[in-house]
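# Remarks on the overall topology
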Amino acid sequence: MSTENETPEIELTKYGRLPSLSGLNLDELEDFVKKLGLPKFRAKQIHGWIYSKWAKNFDEMTDLSADLRKKLSETAEVGLLNMAHLQVSSDETRKYLFQLPDGKMVESVLMAFQDRPSLTACVSSQVGCAVGCTFCATGYLGFKRNLTAQEIIDQIMSIQRESGKRVGNVVYMGQGEPLLNTDEVIDSVKRLINTVGIGARHITVSTSGIVPGIKQLAKANLPITLALSLHAPDVETREEIVPITKKYPIHEVMAAMHDYVDTTNRRVTIEYVLLKDVTDRPEQAIHLAELVKDLHCNINLIPFNPTLNPMGEALYDRPSRESQQRFKTLAARSGKTVTVRLERGTDIDAACGQLHNKYAAKR
Ligand code: SAH
Ligand code: SF4
């Protein structure tokens, strides 16, 4: 067995970097310290520094000797992502641009909602997105690659390290379609619950309606919230604005949502983007109410955040407040709670569907 002072063997990742400890659970940290010839209790110390004190590097771990800190710094890094840019909005919303180990970029947002006592982080699950919804800026990037569970978790850890604030809620509503990256998303959710310490009931995974992914998530039976981005109750409109509807038709998606509720006993969320004259018509509100009336769900209306397509054209408008209210009243005929999503960070383009930086577009 080597001593704590010996220089360790250095194993680099495929990107030529030291491995990151972010997101590793106690067992994995024990394996890590064992490989370095260190006693098991060191793993617990490091675990506390990473997840309770949000240490940025080994130098901050002051109950470890200077030699040990040096040895650890030569072997690993605490964080995985580099913060490339941070924008803070007038309502304190923080939008982060993170660089992944291969140089690609993703965005995450930290927001405060008045109806929630703790802060909410919105995380990305992919670079770009293959689904191509016509109102979503991420959709225009196309699909670049899936994120690993560690890349998802380190968005939250990096936000905590940078802001010094605890993330209480996590929504998978940044860039990407989580249920086209289901294995890594499920792994990251489990680690958020068991290692990072986010309550399962404070985690929401949002999907455009990927039936096999919904089934896989139901099987995992985690007590989290599943949100379906329904956006239109009629086949014609939904096929137009959420093109994957042609592959996974509305009735199959709704059947999978019912099964999800039956398996997990969790109430789901129906998200519905309000696009003027496209999805905000009264007959659509009535149709929506009919469609979801037997589903154990809440309805969340999202007034469109204006985005431009790659040609610089604005394809849609946001409906007026009156039209939003009229839709809400009609949708409430379902007997469900209907809320209109509060806007956060619109002055820095941190709202839904606006996570699309020009850096990501270039890669
Ligand atoms: N891909 C997943 C999760 C990421 S998008 C999904 O589609 O559910 C998170 C939410 O923001 C989705 O409900 C999405 O439809 C919505 N959204 C995307 N672009 C938007 C825009 N410009 N205005 C309002 N909501 C938008
Ligand atoms: Fe992808 Fe969601 Fe945007 Fe659709 S709304 S393109 S599924 S990120």
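Residues numbered from 1 in each chain as written. Chains lettered and ligands numbered in written order. Predicted model: local features only at pLDDT ≥ 70, side-chain atom pairs only at ≥ 80, totals over all residues. Heavy atoms only, no water.

## Some remarks on the environment of Leu-26
Here Leu-26 is to be found in helix α1 (residues 26-35). Sequence spacing of Leu-26 and His-47 is 21 residues, and the spatial spacing of their C-alpha atoms is 6.6 Å. Residues in contact with Leu-26, not counting those within four places in the same chain, are Ala-43, Lys-44 and His-47. (Helix = DSSP H or I, 4+ residues; strand = E, 2+ residues; numbered from the N terminus. Contact = heavy atoms within 4.5 Å.)

## Side note on the packing of helix α10 (residues 282-292) against helix α11 (residues 321-331)
Viewed as axis vectors pointing N to C, α10 and α11 meet at an angle of 30°, and their least axial separation amounts to 8 Å. Our classification of the angle between α10 and α11 gives roughly parallel. Between α10 and α11 lies a crossing of right-handed hand. Seen from α10, the contacting residues are Pro-282, Gln-284, Ala-285, Ile-286, Leu-288 and Ala-289; seen from α11, they are Arg-326, Phe-327, Leu-330 and Ala-331. Class assignment of the residues belonging to the contact of α10 with α11 gives a composition of eight nonpolar, one polar and one charged. (Axes fitted to C-alpha atoms, helices over the stretch in contact; angles between N-to-C directions. Parallel < 35°, antiparallel > 145°, perpendicular 65-115°, else oblique. Left-handed = near helix turned anticlockwise from the far one by under 90°. Nonpolar A, V, L, I, M, F, W, Y, C, P; charged D, E, K, R; others polar.)

## Focus on the confidence of the model for the chain
Across the chain, pLDDT averages 93, with 93% of residues at or above 70. For the stretch residues 359-363, pLDDT sits under 50, and the model shows nine contacts to residues farther than four places along the chain or on other chains. (pLDDT = per-residue confidence, 0-100.)

## Things to note about the layout of surface pockets
Roughly 930 Å³ of volume is contained in the largest pocket. Around the largest pocket, the lining comprises 36 residues; the ones closest to its centre are Asp-115, Arg-116, Asn-300, Thr-339 and Arg-341. Mapped onto the lining of the largest pocket, the elements with two or more residues apiece are β3 (105-111), β4 (119-122), β7 (167-172), β8 (203-207), β9 (225-229), β10 (268-274), β11 (297-303) and β12 (338-340). Grouping the constituent residues of the lining of the largest pocket by class yields 15 nonpolar, twelve polar and nine charged. (1 Å grid on protein atoms, 1.4 Å probe; cavity = no way out; pocket = protein on both sides within 12 Å on 5 of 7 lines; lining within 4 Å. Points joined across faces, edges and corners; volume = space filled by probe spheres on them.)

## Considering the site of ligand 1
Lining the immediate surroundings of ligand 1 are 21 residues, of which Gly-176, Ser-206, Ser-229, His-231 and Asn-305 lie closest. Within the side chain of Glu-271, a nitrogen or oxygen atom sits 3.4 Å from an oxygen atom of ligand 1. Compared with its free state, where it exposes 520 Å², ligand 1 has 96% of that area covered by protein. Where the shell around ligand 1 is concerned, the elements lending two or more residues are β8 and β10. Per-class residue counts for the shell around ligand 1 are nine nonpolar, ten polar and two charged. (Near = heavy atom within 4 Å. Polar contact = N/O pair within 3.5 Å; in protein donor to acceptor, adjacent residues only side chain to side chain. Areas by Shrake-Rupley, 256 points an atom, 1.4 Å probe, with all protein chains shown as cover.)

## Some points on helix α2 (residues 41-51)
Every buried residue of α2 is accounted for by Arg-42, Ala-43, Gln-45, Ile-46, Trp-49, Ile-50 and Tyr-51. Buried positions along α2 lie against α1, α3 (66-75), α5 (149-163) and α6 (182-196). (Buried < 20%, exposed > 50% of the residue type's maximum accessible area, 1.4 Å probe, protein only.)

## Structural notes on the packing of aromatic side chains
Taken as a whole, this structure holds three aromatic pairs when the rule is applied. Here Tyr-96 and Phe-98 contribute two aromatic rings whose centre-to-centre distance is 5.4 Å and whose plane-to-plane angle is 5°, an arrangement assigned as stacked. In this structure, Lys-53 packs its charged tip against the face of Trp-49, placed 4.0 Å from the ring centre. (Phe/Tyr/Trp six-rings, centres within 6.5 Å; stacked < 30°, edge-to-face > 60°. Lys NZ or Arg CZ within 6 Å of the ring centre and 35° of its normal.)

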